[in-house]
Amino acid sequence: MQKTVFRILALVLSLFPGHDLVRAADSTRIHLIPQPVSVTEKTGSFLLEPGVTIVAGKNIPVPTVNWFITRMASETGITLQGGGGGKRRISLQILASGDQDLGKEGYTVSVKPSEIRISATNAAGIFYGMQTVLELLPAGAGTMVQKAKIAVPCAEIKDYPRFGWRGLMLDVSRHFFTKAEVEKYIDEMARYKYNTLHLHLSDDQGWRLEIKSLPELTSVGAWRVARTGRWAEFMPALANEPATDGGFYTQDDMREIIRYAQDRYITILPEIDVPAHSLALIASYRGLSCTQLPYSVNAGYRNPTRDDNVLCIGNDSVYMMLDKIFTEMAALFPCEYIHIGGDEAYKGFWTTCPKCQRRMTEEHLTNVDELQSYFVKRMEKMLKTKGKKLIGWDEILEGGLAPEATVMSWRGMKGGVTAARAGHEVVMSPWDFCYLDLYQGEPSAEPPTYGMCRLKDSYTYDPVPDSVDEKYILGGQGNLWTERVPNYRHAEYMTWPRGLALAEVYWSPKSARNWDDFIYRMEKEFVRMDKDDIKYSRSAYNAILIPKREADRNFSVVLSTEVKGLDIYYTFDNTNPDAFYPKYTGQPLKFPVGATDLTVITYRDGHPVGQIVTAKKEDLARRVNEGHHVY
Ligand code: ACM
Ligand code: ZN
């Protein structure tokens, strides 16, 4: 409690100059995510006030400087003046012969009472330095101290990323997100120094990119019948029901997104998922699956039989279509890679399809894994003729990896390890640490989804397994699949704060990782996110309920929290507990006779911090039987 008072006092005092008490009370005025390589806090502050100037070296891109002026104005209400006169200035400088450590994306920020100086060897580093300066501003600067001077703490910061690939994936197929929403996502990623946005542009539920030579991909493939409610339990399309739900990006839209991302030093990695997850393609152009049956785009229903969403890879028309698609994509996207998906292909249709069987005979392929590998190798050659490199999910290892392919490891890290050992480059995104569509807290308190990936799972994972040479690990991603993400606010809720944790995993030195300190900084960040209307989840403050089997075939429940220092209060009497209810002491709880629900809440320093969470006895019993990761 006392600590909280000091922190509030420190925050208020930090808005005014010359109070050394500020440092005494809160020795860290600086709370950055991701944690930089080195931060040395100094006494004193740079006072931001009207009249502060900005001086940019000639080789710093104008959009970068303008972006910073706009962001500073929106955060503080102060518009930086050009010209360099005045008492105080912010200067930006690209170093001719830089500090070798800084690399392509590193920077230094020096805050002195008279000057904030951002230096880097490249414009990307200047941009990341700007993001750091924005995060040095007192949280809520523009709203709390209208017209007052804003104090930026004096400091020397040196920073550069651990990995060159720091990505998030957004699935825009299962639910379509507008251009404006994608751009907002890009802005949010850029705050935390992500540099890659992987767009999952096609799947069974929608095709999202205009391909001019194949207009039906978007006139048919981008649309499905509208359903709202619980994903996978929807009713299939009725006869003659209009397909009104969906959308797509025209190539002009996508060029604007690419440019928007480039201005924030983010590369757009496009994915077209083949040979499976291809129902939108199959629905648009008849005859591309082995069965050649007609389909409409899936509206979020579970197929009672096997999904017929796999391309016939014995069919030459499929390769002609893909050539057209990848030709237009290669011209549109500057990214050096195109992602071809490659995941979860059911290979059963290929075993009985005459075209696939003929292909296997002609190509001397002995099994369907080799047929899949033939397809991926052919995709690699096709992309290469268009100047692009192939990246795919780790299933592309099956039957033999294409010679120069990069592997995105999702079924754990195993695929990534195998690929790296064979000398291939790898992007890590193991589901149990990086899948942002999974539950992030007690499932009874969350919108329905599956699996479990807690904030601490994301924070404590390391993308370089022992025994693997780090040079093959390009970096990693968090992946937001959107089957159960029907709107943008929920996309934010699922992304943050796990996306903060992963930003630190991919940017900061491994040695800088510190869970308690991260939580402290995350809470500071939440204040900024509130101000900027970014939704995030507070699920890490909810109690964790783990049912444990007892010898008498019954079960007990162990309670814990991810964030340390919380108190948990509970009841079995179907009322809402508060701090006057029984406090959990560490002793596993048993349901009293007749009780049907366990209800819990967490407190910190006498105040509720988590939600009231009610778990049903039958759900907890099911979890005992199904194990930790299945819900
Ligand atoms: C995946 O999650 N199917 C890549
Ligand atoms: Zn076939």
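The structure reproduced in this document is the subject of the present report. (Residues numbered from 1 in each chain as written. Chains lettered and ligands numbered in written order. Predicted model: local features only at pLDDT ≥ 70, side-chain atom pairs only at ≥ 80, totals over all residues. Heavy atoms only, no water.)

Topic: the overall build of the chain
Part 1 of the reasoning: Summing up its helical and strand segments, the chain has 20 helices and 26 strands in all.
Part 2 of the reasoning: Reported as C-alpha extents along the three principal axes, the dimensions of the chain are approximately 80 × 75 × 50 Å.
Part 3 of the reasoning: By element, 52% of the accessible surface of the chain is carried by carbon and sulfur atoms, the whole surface being about 25600 Å².
Part 4 of the reasoning: Each charge class in the chain was averaged separately, 74 positive and 78 negative side chains, and the resulting centres sit 3 Å apart. (Helix = DSSP H or I, 4+ residues; strand = E, 2+ residues; numbered from the N terminus. Areas by Shrake-Rupley, 256 points an atom, 1.4 Å probe, with all protein chains shown as cover. Lys, Arg positive; Asp, Glu negative; His and termini not counted. Charge placed at Lys NZ, Arg CZ, Asp CG, Glu CD.)

A closer look at the sheet that holds strand E7 (residues 150-159)
Two strands in a sheet stick together by hydrogen bonds in their backbones, pointing the same way (parallel) or opposite ways (antiparallel).
Part 1 of the reasoning: Pairing within the open sheet is mixed, and its seven strands lie in the order E1-E7-E5-E6-E4-E2-E3. At either end of the open sheet lies a strand with only one pairing partner, and these are strand E1 (38-48) and strand E3 (81-82). (Pairing = 2+ DSSP bridges.)

Some points on the sheet that holds strand E18 (residues 426-428)
Part 1 of the reasoning: Judged by pairing direction, the barrel is parallel, and its eight strands sit side by side in the order E8-E9-E14-E15-E16-E17-E18-E19 before closing back on the first. Taken over all neighbouring pairs, the strand axes of this sheet differ in orientation by 30 degrees on average, direction set aside.
Part 2 of the reasoning: As paired elements, strand E16 (residues 389-393) and strand E17 (residues 406-409) share three bridges and run parallel to each other. By the bridge assignment for E17, Ile391 is matched with Thr406.
Part 3 of the reasoning: Across the sheet, helix H18 (residues 498-507) touches strand E8 (165-171), E18 and strand E19 (473-480), and the angle it forms with E19 is around 175 degrees. (Axes fitted to C-alpha atoms, helices over the stretch in contact; angles between N-to-C directions. Contact = heavy atoms within 4.5 Å.)

Examining the packing of aromatic side chains
Part 1 of the reasoning: Following the criterion strictly, the structure yields 26 aromatic pairs and no others.
Part 2 of the reasoning: Ring centres of Trp393 and Trp481 lie 5.6 Å apart, and the angle between their planes is 45 degrees; this geometry places the pair in the tilted category. Taken together, the residues span a long stretch of sequence, with Trp393 in strand E16 and Trp481 in the loop between E19 and helix H17 (488-495) at a distance of 88 residues. Across this residue pair, the class does not change: Trp393 and Trp481 are buried.
Part 3 of the reasoning: Within the aromatic cluster, the residues linked to one another by ring pairs are Trp67, Phe127, Tyr128, Tyr265 and Trp507.
Part 4 of the reasoning: Taking the ring centre of Tyr319 as reference, the NZ or CZ of Arg378 above it sits at 3.7 Å. (Phe/Tyr/Trp six-rings, centres within 6.5 Å; stacked < 30°, edge-to-face > 60°. Buried < 20%, exposed > 50% of the residue type's maximum accessible area, 1.4 Å probe, protein only. Lys NZ or Arg CZ within 6 Å of the ring centre and 35° of its normal.)

A short note on the side chain of Glu188
Part 1 of the reasoning: Inspection of the secondary structure puts Glu188 in helix H6 (residues 179-191).
Part 2 of the reasoning: According to the relative accessible area criterion, Glu188 is buried, its value standing at 2%.
Part 3 of the reasoning: A distance of 2.9 Å separates a polar atom in the side chain of Glu188 from a polar atom in the side chain of Lys184.
Part 4 of the reasoning: Apart from the residues lying within four places of it in its own chain, the contact partners of Glu188 are Tyr488, Glu492, Trp496 and Ile534. (Polar contact = N/O pair within 3.5 Å; in protein donor to acceptor, adjacent residues only side chain to side chain.)

What to know about unusual backbone geometry
Part 1 of the reasoning: Ile33 connects to Pro34 through a cis peptide bond whose omega is -5 degrees.
Part 2 of the reasoning: As for its placement among the helices and strands, Pro34 is situated in the loop between helix H2 (20-25) and E1.
Part 3 of the reasoning: One non-glycine residue with positive phi stands out, namely Tyr265, at about 60 degrees.
Part 4 of the reasoning: Mapped onto the elements of the fold, Tyr265 is located in the loop between helix H8 (251-262) and strand E14 (267-274).
Part 5 of the reasoning: At Glu344, a residue that is not glycine, the phi angle is positive and equals roughly 55 degrees.
Part 6 of the reasoning: Along the chain, Glu344 turns up in the loop between strand E15 (337-341) and helix H11 (348-352).

Side note on the side chain of His424
Part 1 of the reasoning: Considering the arrangement of structural elements, one finds His424 in the loop between helix H14 (414-421) and E18.
Part 2 of the reasoning: Assessed through its relative accessible area of 10%, His424 is described here as buried.
Part 3 of the reasoning: A polar side-chain atom of His424 sits 2.8 Å from the main-chain carbonyl oxygen of Ala405.
Part 4 of the reasoning: When neighbours within four sequence positions are excluded, His424 is seen to be in contact with Leu401, Ala402, Pro403, Glu404, Ala405, Ala419 and Tyr472.

Notes on the pairing of strand E6 (residues 115-120)
Each regular strand carries side chains that alternate between the two faces of the sheet.
Part 1 of the reasoning: The element E6 is largely enclosed, with a buried count of five among its six residues.
Part 2 of the reasoning: Sheet analysis places strand E4 (residues 89-94) next to E6, joined by six bridges and oriented parallel. Bridge assignment links Arg89 to a residue of E6, and that residue is Glu115.
Part 3 of the reasoning: Pairing of strand E5 (residues 107-111) with E6 involves four bridges; the strand directions are antiparallel. Bridge pairing in E6 places Val111 opposite Ile116.
Part 4 of the reasoning: Here E5 hands over to E6 after three residues, the two strands then running antiparallel side by side.

A closer look at the environment of Ala180
Part 1 of the reasoning: With respect to the helices and strands, the residue Ala180 is situated in helix H6.
Part 2 of the reasoning: Each C-alpha atom of the pair Ala180 and Gly82 lies 30 Å from the other, and the pair is 98 residues apart in sequence.

So, the coordination of the zinc ion (ligand 2)
Part 1 of the reasoning: Only Cys290 (SG), Cys312 (SG), Cys353 (SG) and Cys356 (SG) from the protein coordinate the zinc ion (ligand 2), and they sit 2.3 Å from it.
Part 2 of the reasoning: Because the angles between the four donor atoms bound to the zinc ion (ligand 2) fall within 106 to 115 degrees, the donor set is best described as tetrahedral. (Donors = N, O, S within 2.8 Å, 3.2 Å for Na, K, Ca; no water. Tetrahedral: all angles 85-135°; square planar, octahedral: opposite > 155°, others 65-115°.)

What to know about the packing of H18 against helix H19 (residues 515-531)
Part 1 of the reasoning: Between H18 and H19, the shortest axis-to-axis distance is 11 Å and the interhelical angle comes to 125 degrees. Relative to H19, the element H18 is oriented oblique. H18 and H19 meet at a crossing whose hand is right-handed. Facing H18, whose interface residues are Leu500, Ala501 and Glu504, H19 presents Phe518, Arg521, Met522, Glu525 and Met529.
Part 2 of the reasoning: Tallied by class, residues from the contact of H18 with H19 come to five nonpolar, no polar and three charged. (Parallel < 35°, antiparallel > 145°, perpendicular 65-115°, else oblique. Left-handed = near helix turned anticlockwise from the far one by under 90°. Nonpolar A, V, L, I, M, F, W, Y, C, P; charged D, E, K, R; others polar.)

Some details on the nonpolar core
Part 1 of the reasoning: Membership of the largest hydrophobic core comes to 152 residues, with the highest contact counts inside it found for Ile325 and Phe326.
Part 2 of the reasoning: Top contributing element to this core by residue count: helix H4 (residues 123-136), with nine residues.
Part 3 of the reasoning: When residues no more than four places from it in sequence are discounted, the contact partners of Phe326 are Ile272, Ile338, Ile340, Met379, Met382, Leu383 and Lys386. (Core = buried A, V, L, I, M, F, W, Y, C linked by side-chain atoms within 4.5 Å.)

Overview of the pairing of E4
Part 1 of the reasoning: Judged from the four bridges that link them, strand E2 (residues 53-56) and E4 form a sheet pairing that is parallel. Bridge pairing in E4 places Ile54 opposite Ile90.

A short note on the pattern of salt bridges
Part 1 of the reasoning: In the structure shown here, the tally under the stated rule is 48 salt bridges.
Part 2 of the reasoning: In this structure, the salt-bridge partner of Asp252 is Arg255, at a minimum N-O distance of 3.2 Å. Highlighted residues: Asp252 and Arg255, both in helix H8, separated by three residues, approximately one helical turn.
Part 3 of the reasoning: Judged by its relative accessible area of 47%, Asp252 falls in the partly exposed class.
Part 4 of the reasoning: Glu404 is the salt-bridge partner of Lys384, the closest N and O atoms lying 2.7 Å from each other. Here Lys384, found in helix H13 (residues 368-385), pairs with Glu404, found in the loop between E16 and E17; they are 20 residues apart in sequence, far enough to count as distant.
Part 5 of the reasoning: Residue Lys384 is classed as partly exposed on the basis of its relative accessible area, which comes to 47%. (Salt bridge = Lys/Arg side-chain N within 4 Å of Asp/Glu carboxyl O.)

A closer look at H13
Each turn of an α-helix holds 3.6 residues, which means side chains three or four residues apart point in the same direction.
Part 1 of the reasoning: Between its first and last C-alpha atoms H13 spans 26 Å; for 18 residues at 1.5 Å apiece the expected length is 26 Å, and the two agree.
Part 2 of the reasoning: Taken together, the buried positions of H13 are occupied by Val368, Leu371, Gln372, Ser373, Tyr374, Phe375, Val376, Met379, Glu380, Met382 and Leu383.
Part 3 of the reasoning: Contacts from the buried residues of H13 go to E14, helix H10 (316-332), E15, H11, helix H12 (354-362) and E16.
Part 4 of the reasoning: For H13, the side-chain oxygen to backbone nitrogen distance between the N-cap and Asp369 is 3.1 Å, and the N-cap itself is Asn367.
Part 5 of the reasoning: Of the residues flanking the end of H13, it is Gly387, one or two places downstream, whose phi is positive at about 80 degrees. (Expected span 1.5 Å × (residues − 1).)

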